Amino acid sequence: MNLVFDGHNDVLLRLWRSRNEGRNPVAEFRNGTSAGHIDAPRAKRGGLAGGLCAIYIPSPHDFTLREPDANGHYATPLDPPLERASSLDIALEMAAIAHRLDQDGSWRLCHTTTEIREAMTDGVFAAVLHMEGCEAIDADLDTLEVFHAAGLRSLGPVWSRNNIFGHGVPFAYPSSPDTGPGLTRAGEELVRACNRLGILIDLAHLTEKGFWDVERLSDQPLIASHSNVHALTPVARNLTDRQMDAIKASHGLVGLNYAVTMLRPDGRDDAETSLATMVSHVDYLVDRMGIDCVALGSDFDGATIPNVIGDAAGNQRLVTALKDRGYGPSDLDKICRENWLRVLASAWHE
Ligand SMILES: [Zn+2]
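Note that this is a predicted model, so its numbers are computed, not measured. (Residues numbered from 1 in each chain as written. Predicted model: local features only at pLDDT ≥ 70, side-chain atom pairs only at ≥ 80, totals over all residues. Heavy atoms only, no water.)

1. Brief notes about the coordination of the zinc ion
Here is step 1: In the first shell of the zinc ion, the protein supplies Glu-132 (OE), His-205 (NE2) and His-226 (NE2), at 2.1 to 2.2 Å from the metal.
Here is step 2: We note that the donor set of the zinc ion lies within a single chain, spaced as E-x72-H-x20-H. Pair noted here: His-205 is in the loop between strand E8 (200-201) and helix H8 (208-217) and His-226 is in the loop between strand E9 (223-224) and helix H9 (241-249), with a separation of 21 residues, a long-range link. Just as His-205 is buried, His-226 falls in that class too. (Donors = N, O, S within 2.8 Å, 3.2 Å for Na, K, Ca; no water. Helix = DSSP H or I, 4+ residues; strand = E, 2+ residues; numbered from the N terminus. Buried < 20%, exposed > 50% of the residue type's maximum accessible area, 1.4 Å probe, protein only.)

2. With respect to the environment of Tyr-74
Here is step 1: Examined against the element boundaries, Tyr-74 turns out to sit in strand E3 (residues 74-75).
Here is step 2: Residue classification places Tyr-74 among the buried positions, given a relative accessible area of 8%.
Here is step 3: Taking the C-alpha atoms as reference, Tyr-74 lies 28 Å from Leu-253; in sequence the two are 179 residues apart.
Here is step 4: Those residues in contact with Tyr-74 that lie beyond four places of it in its chain are Leu-65, Arg-66, Glu-67, Pro-68, Phe-171, Ala-172, Tyr-173, Val-235, Thr-261 and Gly-267. (Contact = heavy atoms within 4.5 Å.)

3. Describing unusual backbone geometry
Here is step 1: The residue after Tyr-173, namely Pro-174, is reached through a cis peptide bond having omega -10°.
Here is step 2: Mapped onto the elements of the fold, Pro-174 is located in the loop between strand E7 (172-173) and helix H7 (185-197).
Here is step 3: Positive phi outside glycine occurs at His-205, with the angle close to 80°.
Here is step 4: A residue is classified by how much of its surface remains accessible, and His-205, at 4% relative accessible area, is buried.
Here is step 5: One non-glycine residue, Asp-299, lies in the positive phi region at around 70°.

4. Describing the sheet that holds strand E10 (residues 253-256)
Here is step 1: Pairing is parallel across the open sheet formed by three strands, whose spatial order is E9-E10-E11. Lying at the two open borders of the sheet, with one neighbouring strand each, are E9 and strand E11 (294-296).
Here is step 2: Where helix H11 (residues 275-289) meets the sheet, it contacts E10 and E11, and its direction lies at approximately 175° from that of E10.
Here is step 3: In this fold helix H13 (residues 329-347) packs onto E9, E10 and E11, with an angle of close to 105° to the strand it touches most, E11. (Pairing = 2+ DSSP bridges. Axes fitted to C-alpha atoms, helices over the stretch in contact; angles between N-to-C directions.)

5. As for the packing of H9 against H11
Here is step 1: Taken N-terminus to C-terminus, the directions of H9 and H11 make an angle of 60°; their axes are 9 Å apart at the nearest point. Judged by the inter-axis angle, H9 sits oblique to H11. Between H9 and H11 lies a crossing of right-handed hand. Between H9, through Asp-241, Met-244, Asp-245, Ile-247 and Lys-248, and H11, the contact on the second element is made entirely by Tyr-284, Leu-285, Arg-288 and Met-289.
Here is step 2: For the contact of H9 with H11, the per-class residue count stands at five nonpolar, no polar and four charged. (Parallel < 35°, antiparallel > 145°, perpendicular 65-115°, else oblique. Left-handed = near helix turned anticlockwise from the far one by under 90°. Nonpolar A, V, L, I, M, F, W, Y, C, P; charged D, E, K, R; others polar.)

6. Points about the pattern of salt bridges
Here is step 1: A full pass over the atoms with the stated rule returns 27 salt bridges.
Here is step 2: Note that Arg-192 and Glu-189 form a salt bridge whose closest N and O atoms lie 2.8 Å from each other. Separated by three residues within a single helix, Arg-192 and Glu-189 lie in helix H7, roughly one turn from each other.
Here is step 3: What makes Arg-192 partly exposed here is its relative accessible area of 37%.
Here is step 4: What makes Glu-189 partly exposed here is its relative accessible area of 39%.
Here is step 5: Of the charged contacts in the structure, one is a salt bridge between Arg-264 and Asp-270, with a shortest N-O distance of 3.8 Å.
Here is step 6: Since its relative accessible area comes to 12%, Arg-264 is described here as buried.
Here is step 7: Among the charged side chains, a network of salt bridges with common partners joins Arg-14, Glu-21, Arg-23, Glu-28 and Asp-301. (Salt bridge = Lys/Arg side-chain N within 4 Å of Asp/Glu carboxyl O.)

7. Some points on the pairing of E10
Here is step 1: Across the two faces of E10 the burial is the same, with Leu-253 and Gly-255 and Val-254 and Leu-256 all buried.
Here is step 2: Bridge count for E9 against E10 is two bridges, and the pairing is parallel. Each bridged residue has a counterpart across the sheet, and for Ala-224 the counterpart in E10 is Val-254.
Here is step 3: In the classification by handedness, the crossover that spans E9, the intervening H9 and the parallel E10 is right-handed.
Here is step 4: Note: E10 against E11, three bridges, orientation parallel. The partner of Gly-255 across the bridge, within E11, is Ala-295. (Right-handed = clockwise from strand over helix to strand, strands pointing away.)

8. Some points on the pairing of strand E2 (residues 48-55)
Here is step 1: When you tally the buried positions in E2, you get eight out of eight residues, the bulk of the element.
Here is step 2: Across four bridges, strand E1 (residues 4-9) lies against E2 in parallel orientation. Across the sheet, the residue bridging to Phe-5 is Gly-50, located in E2.

So yeah, pure geometry; function would need other evidence.
As structure tokens, this is what we get:
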């Protein structure tokens, strides 16, 4: 089995919702459940040994993609901006679940790549705390310092929604990622602070202008934790060739997103999506950027994923498909783990 360190999941969102419905999120993760994609038993079965676990503030109404028209085209408007106070409450509740899982031994909150490797060796899920959209952070970045002290080691300035730090890219098919302005002045300060503190900056969900703002300001390798190839699936969330060239030049990476709407050429929300379709995006990313710049970013618990994968327990089916496609042992080590560990070590000043 090829152990995977994965660039993006929303298991904390699912566990936070369980908590709100009166269930015990720690027991649910530790003992397993039939809901969603990730818990400790299923992660173990699928060789999902760790990953970036997002604090993500859901909008008050449940987000859904706009219905496609007869041509399969859709353009979902951006969700309205959120208030900070209620966002901070939710972010703290999710961070508390992450810490309780750590205290329980159900997963291990990791702050260094050494800790990630130790957790993987010990067979404990290696969780890195990530923030997907910084609605909980104030413009003076006081809360950023506190979340960093609480273990935050990665963030995306925006989700597909605008906030004080920048503009999000909408879910639209077909669409260029160049949909509006990029970072605000506060967003530029956030990038500088992340460089100083050693917090990874994630480009997923930024507009193309925001992408180039980070490229101009940041010392880190450029990372899109869960994004795919625009030339294959022209959704606004996917990356153009030019963006991939910049990621390659910075020695960064792209994590393959398993979301079917970002994999399928027709952009449809249809879980009957093949392993070959997933592999086609990996092939394109490797052709364009080289084997050192391609990794995985499943979006487990955050998206419709192919039925052939199903949940975390099915994760090795993709690895096997890549092996069958001709990727060798060292290629698979890089895609499954080592590329992520290299960029994390760089962003974290190790
Ligand atoms: Zn996302």
